[in-house]
Structures are given as C-alpha cells and as structure tokens.
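Residue strings, one per chain:
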Amino acid sequence: VATPSSQTSCTGSAITTIVLSGGASGTVYNWTRDNLAVTGIPASGSGDISGSLTNSTATPVTVTFTITANGGGTCDGPPVTATVTVNPTAYASCPANMTETITDVTCFKAISTPNPVFCAVLTKLTWKLTGATVLSSPTSGINYVGLKNMNVGLTTVTYTATLVGGIIRTCSFTVLVIETKPPEIRCPLDKIVNTDPGKCYKTGPVSLGTPTTSDNCGIVSVTNNAPAVYVKGQNFVTWTVTDKSGNTATCVQIVTIVDAEKPILTCPGNVSVNAGTEPNCSATQVNLPQPVFSDNCEVVKLSWTITGVTWGASPTIGINYVPTMDFAVGVSTVTYTAYDAAGNGKICSFTIIVNDVTPPTLVCPPAQTFCKVSNNTYSIPPMTQSDNCAIVSTKYVITGATSRTGSGTNASGSFSLGVSTIKWTVTDSHGKISTCSTTVTIVATTNPLCVPAAPAAPYVKYAEGLQPGLSITVWPNPTVNYFNLKVNSQGKEKVQIRMYDMTGKLVQGKTGLPEETYLLGEGVVSGMYIIEVRQGSKSVRTKLTKQ
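Basis of the calculations
- For every chain, the first residue of its written sequence is number 1, and the numbers climb from 1 along that sequence.
- In keeping with the predicted nature of the model, local features appear solely for residues at pLDDT of at least 70, side-chain atom pairs appear and are counted solely at 80 or more, and the whole-chain, interface and lining totals rest on all residues.
- Computation of side-chain values covers all heavy atoms of the structure but excludes hydrogens and water.
- Put simply, DSSP H or I for four residues or longer makes a helix, DSSP E for two residues or longer makes a strand, and each gets a number counted from the N terminus.
- Atoms counted for the radius of gyration: C-alpha only. Globule rule: 2.2 Å times the number of residues to the power 0.38.
- The rule is simple: take the accessible area with a 1.4 Å probe, protein chains only, and divide by the maximum for that residue type; under 20% is buried, over 50% is exposed, in between is partly exposed.
- In this description, contact between two residues means that some pair of their heavy atoms is separated by no more than 4.5 Å.
- Per-residue accessibility takes into account occlusion by the displayed protein chains alone, with areas from the Shrake-Rupley method and a 1.4 Å probe.
- For the charge count, each Lys or Arg is scored as positive and each Asp or Glu as negative, with His and the chain ends excluded.
- In plain terms, the charge of a residue is placed at NZ if it is Lys, CZ if Arg, CG if Asp and CD if Glu.
- Cysteine sulfur atoms that come within 2.5 Å of each other are treated as a disulfide pair.
- Pairing between two strands requires that DSSP report at least two bridges joining them.
- To get an axis, fit a line to the C-alpha atoms, keeping to the stretch in contact for a helix; angles then go from 0 to 180 degrees between the N-to-C directions.
- Salt bridge criterion: a side-chain nitrogen from Lys or Arg within 4 Å of a carboxyl oxygen from Asp or Glu.
- The definition of a polar contact used here is a pair of N or O atoms within 3.5 Å, where within protein one atom must be able to donate a hydrogen and the other to accept one, and adjacent residues in sequence count solely through side-chain atom pairs.
- Each residue gets a pLDDT score, which is the predictor's confidence in that residue and runs from 0 to 100.
- The aromatic pairing rule takes the rings of Phe, Tyr and Trp, using the six-membered ring of Trp, and pairs them if the centres are within 6.5 Å, calling planes under 30 degrees apart stacked, those over 60 edge-to-face and the rest tilted.
- Distance and angle both matter: a charge sits over a ring if NZ of Lys or CZ of Arg is within 6 Å of the ring centre and within 35 degrees of the ring normal.

So, the overall build of the protein
Helix and strand content of the protein: 0 helices and 52 strands. Taking 2.2 N^0.38 as the reference for a compact globule, 547 residues should give roughly 24 Å; the C-alpha atoms of the protein span a radius of gyration of 67 Å, well beyond that estimate. Judged by the C-alpha coordinates and their principal axes, the protein covers about 205 × 55 × 40 Å. Counting the 547 residues in the protein, one finds 38% classified as buried. Summarising the internal contacts of the protein: among those between residues at least 6 apart in sequence, 57% fall at separations of at least 24. Looking at the protein as shown, the accessible area adds up to about 27900 Å², and 54% of this sits on carbon and sulfur atoms. For the protein, the separation between the mean place of its 33 positive charges and that of its 28 negative charges on side chains is 16 Å.

Here it is in structure tokens:
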C-alpha cells in the first residue's frame, strides 16, 4: 500500500516529490490528479510525482493525486491520495489559531509562534499583538514574532508583509492563553422586599447589591439571572462570575418577597330595626348585609364578634358571616376581622339598633258607681297591664271630686262624694308610655239608687185569699254582653221592668207578663246598673254589673 505525503507550495514552485512507501521493490505506481484549474504537472502519470504547479486565482487551490499500485511487484491494494495546496502569487498565509494552557497561578506564558508563509519575495514584514497582549515589531526590516510572553486571554497576531512590486498582504491568527484557576464570588446579602401595591408579586428590577469577586488573572463579566417578576416567597438569584479564561464560579442570593399589605374590608352601614310585639323584646331573624373585602393576595380568614346587648362570635378559621339571628332591644356592635395568608389584618364595625316601638298594653276597669259609705273607702278593680319588654313604672293620678296620687295597678282607697277620674300612666323599660282612665262616682245615700226597695211580701191578701209575692231571677251576673231576667209572680197583672245607671238615669225599660224571660243590657256601656220590677203595688230591685 502506498502512503504518499501532502504539502503546500507557492505558484510556480517545484513540488517536493510525493514519497511513496510501503511498496515492494519493482512496484509501479500510476496516478491521476483533479482540479485542473492549476497548470503544470500532467493530469495523469506513473512513478513519483514531481514538478511545478501554477495557481492563477486569488485564493489557494488544492490538488488531489490518486495513486494506485499497478503490477511489477508484490504490493497491491486500494488507491491512496496525496494533496498539494498551491498558493497564488503574492499570497500570505498565517499559521492556524493556537490555544495554550497555564497550570500555575501566573497570568502569562512564553509562547513560540510559527512563522507565516509568503509566496513572493519579502521587502518588509512587521507584526502587531492586540487583545490580551499588546506589542508590536519595529516598523522596518523583516520581523517575526518568535518567542513572546502572551497574557491570559485572546491575543490576535497580525502580520503585514510588503512584497516585491510593492504588494502588501496581511494575515492574522489568534493565541488563546487559558488559565485553569476559577474566580471567586461572594453574593450580596439576602434581601427582603414588599410586594407591589395591590399586587401579590414584586416587579423588577430589585436593588440586589453588588457581589464581591476576585481572580488571579482578571474578571471579564459578572451576571445574574434575576427574574423580571419576583413571586411572593423566596426567589433564588444565581450570580455568575467569568474570568478571562472562561472559568466561572457561582453563588445564590435569596430575595424574599413579603406581603405587608393589609386587606381591604368595608362593613355595611348601621342597621336599625324594630322589636316585635309581645312577648318578644327583640328583633327576630334579622338578616344583616355582608361586608365587602379584598386583598392583593387573598383573604383566608373572615371572623366576627358581636358585643353589646347581644353577643356572640364566629369560628376563627375560614370565611364566616353573621347568620340570620335574633337581636335584643338596644345597641349591638358587629366587628368583622379579615386576615390574609401573611397574617395582615383589617377590622371594621357597624351597629345594630333594635328599637322598642310598642307601648305597654293597659286595660282599665269599667266606670264604678258607689253609694257613699261612712269611711269613704271603696274597692276599685285593679287595672291590668303588660308589655313586650318590661314595665318599670305604674302610677295613677285621681282628679275631680277626689285628688290624690299613687303607684301600682290598684287605686282602691278614699273617694269623695261626686265623680272622680283615675288616670293610670305606665312606662316600659324603653321609655314608651301608655295611659287609660276609669271614672268613680260616689252618690249620696239619699239617692234613689241607694234606697233599698221594701222587701216583697211572700203573699198579698186579696179578697179571694192569699196570693204569692213578687221576685226576679237574673243571669249571668256579672256579664260582658247581656242579662236574662225572669219575673216570678202568682199575679196576673203586667209587670214593668226598668234599668237605671248609678246616676239614676233610665237606660232601658220593658213591659210584659210575669213568668216571662226578658233580655236586658244589650248595647249599654260597662258599669253597674239597678234593675227595678213593678207589678201593681209590689216592686223588687237588684244590682247588676256589666264588664
């Protein structure tokens, strides 16, 4: 198998013979070449390849020779190739880019760089180092970089060649010097920052501070991955420092976003309702309006307490509203408290005023009429009273024929001859007042109403003999509607029935036969009345009460 060499030459230069090795003595080699853009060596031949090639283009051209063994010896095998790169006239070619590594703590290295290739006669050659290393050659003569100290980083070597005929060509290559010791970095202190107003996050940028960095050869960048928006809670910002050799080091700074904003909580306006009637001294099943709340993040707890004449409290977890419930008469205060997840709280309050608008209920006794007694003391039926809440004061004032005052529902006692009026005034626990009145009439004993009728004789003497006397039966007594009256008599004459009030005024009268039942008292007011029944020369009386 033939193993040819590859080489580079300038236009018109004789190429070195392409060496063929590995073949047995007497082996014959045949070859062909491609890229006929260059002139010179034939397109095919046998034996060693030698001669010169001319490149008339502006850029290098590569010619590939394909070589095969062709008898005459014992070596045989697949074809092999050899290449020749032919540079054009006045061509300048710099060496390939270089990379060198420093293994100690120094920040430079002595580096020997290869020389460039020129395809013409040089009249002047200068160079310049830029980048990590800055240096330049004399401005005249033929100068090569040779062995120079190159700093860590990327240095660009640029050659400028002046060729015969005043042609100027330039080329360049880089020398990257890498050191392996990484930089050091210490993050700024962790930060605690509040959320944006009305938001559950913080919009960047946040003033993070500056990390502390160091490196033996120099730092080229310090960066971080801070987000545009910081979420509530912990955010991890990674700082990265890069030195001239691309070595990096990192640290992490914690930015904690805190929700310090209190919820918004608005209570409804004060509520005023009326208490019910007896026996309820409260407003029943009151349905209160609910508060309105919001938060930049979220309200997680809403609780309430009630103080005053009505009291109570909700659970301290979850969202709670005052339920439909009863409120006592008076002022109660509802206080709501809202909390967000960060424990920020807001309080608001409003009052529930329950008004007692129901005055006491009174029932005064009916008008009373009495015949004068010696001690002028009379028993009056008591007034009855009630209230939906509580009665705190019951007083009466007597005016007219009698003048006195007292307290309580019973005004019995001394009354003077004539007409007196008892006026009761009752006040409940919330200042509501009711009144009612009863008249009391005291008549003289000489009043016909106070003269008892002569008792009826059980029998009356008639010519024919003895006859039964006169009597009456009344029921019910007292009554609230009317009386039934029956006249009992053996006589056959008609009877006269008269109903008088206690002043002696006739209020009702009827005429009929004995042994009949009569209806009396319909349509007359409450009070005491005298019933008188006459038959001939006989008469009988009784006292009735209508309630």
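After that view of the structure, there is still more to cover.
Concerning the state of the cysteines
Within this structure, the stated rule accounts for 8 disulfides. Paired by a disulfide, C187 and C251 hold their sulfur atoms 2.0 Å apart. Here the S-S torsion is close to 100 degrees, and the disulfide linking C187 with C251 is therefore right-handed. Taken as a pair, C187 in the loop between strand 18 (184–186) and strand 19 (191–194) and C251 in strand 25 (residues 248–258) lie far apart in primary sequence, 64 residues in all. In this structure, C187 and C251 share a single accessibility class: buried.

Let's talk about the sheet that holds strand 19
Strands sit in the order 19-25-24-22 across an open sheet of 4 strands; the sheet is mixed. Two strands in the sheet have a free side with no partner beyond their single neighbour: strand 19 and strand 22 (219–224). Across the sheet, the mean angle separating the axes of adjacent strands is 25 degrees when strand polarity is ignored. Where strand 22 meets strand 24 (residues 233–243), 5 bridges bridge the pair, whose relative direction is antiparallel. Opposite S221, over in strand 24, you have T242 as the bridge partner.

With respect to the pattern of salt bridges
For the structure on display, the rule yields 4 salt bridges. With a closest N to O distance of 3.5 Å, E532 and R534 form a salt bridge. Connected via shared salt-bridge partners are E532, R534 and R541.

Considering the environment of Q508
Here Q508 is to be found in strand 49 (residues 506–512). Taking the C-alpha atoms as reference points, Q508 and I67, 441 residues apart in sequence, are found 163 Å from one another. Polar contacts involving the side chain of Q508 include one to the main-chain amide nitrogen of G521, which spans 3.0 Å.

Remarks on the side chain of D387
You can see D387 is positioned in the loop between strand 38 (384–386) and strand 39 (391–400). One buried charge, D387, has no salt-bridge partner; the nearest side chain with opposite charge is K432, at 9.2 Å. Of note is the side chain of D387, whose polar atom sits 2.9 Å from the backbone nitrogen of C389. A polar side-chain atom of D387 sits 3.3 Å from the main-chain amide nitrogen of A390. When neighbours within four sequence positions are excluded, D387 is seen to be in contact with E278, D356, T358, P359, P360 and D428.

Considering the confidence of the model for the protein
When pLDDT is averaged along the protein, the result is 89; 92% of the residues meet or exceed 70. Low confidence marks residues 453–467, where pLDDT is under 50. Its contacts with residues over four positions away, or in another chain, come to 22 contacts.

Here we look at the packing of aromatic side chains
Inspection of the entire model under this criterion finds 5 aromatic pairs. For the ring pair Y378 and F415, a centre distance of 6.5 Å and an interplane angle of 65 degrees mean the geometry is edge-to-face. Pair noted here: Y378 is in strand 37 (residues 377–378) and F415 is in the loop between strand 41 (413–414) and strand 42 (418–428), with a separation of 37 residues, a long-range link. Take Y378: its relative accessible area is 4%, and that puts it in the buried class. Here the aromatic residues F370, Y378 and F415 are joined through ring pairs into a cluster of three or more. Over the aromatic face of Y339 sits the side chain of K301, whose NZ or CZ is 5.0 Å from the ring centroid.

Details of unusual backbone geometry
Following G204, the chain continues into P205 via a peptide bond in cis, with omega recorded as 0 degrees. Note on placement: P205 falls in the loop between strand 20 (201–203) and strand 21 (212–214). The phi dihedral of E515 falls on the positive side, at around 65 degrees, and the residue is not glycine. With respect to the secondary-structure elements, E515 resides in the loop between strand 49 and strand 50 (517–520). Overall, the relative accessible area of 43% leaves E515 in the partly exposed class.

Focus: the environment of P476
Positionally, P476 belongs in the loop between strand 46 (470–475) and strand 47 (483–489). In the structure, P476 is positioned 69 residues away from T545 in sequence and 9.5 Å away in space, judged by C-alpha atoms. Once residues within four sequence positions are removed from consideration, P476 is found in contact with Y482, F483 and N484.

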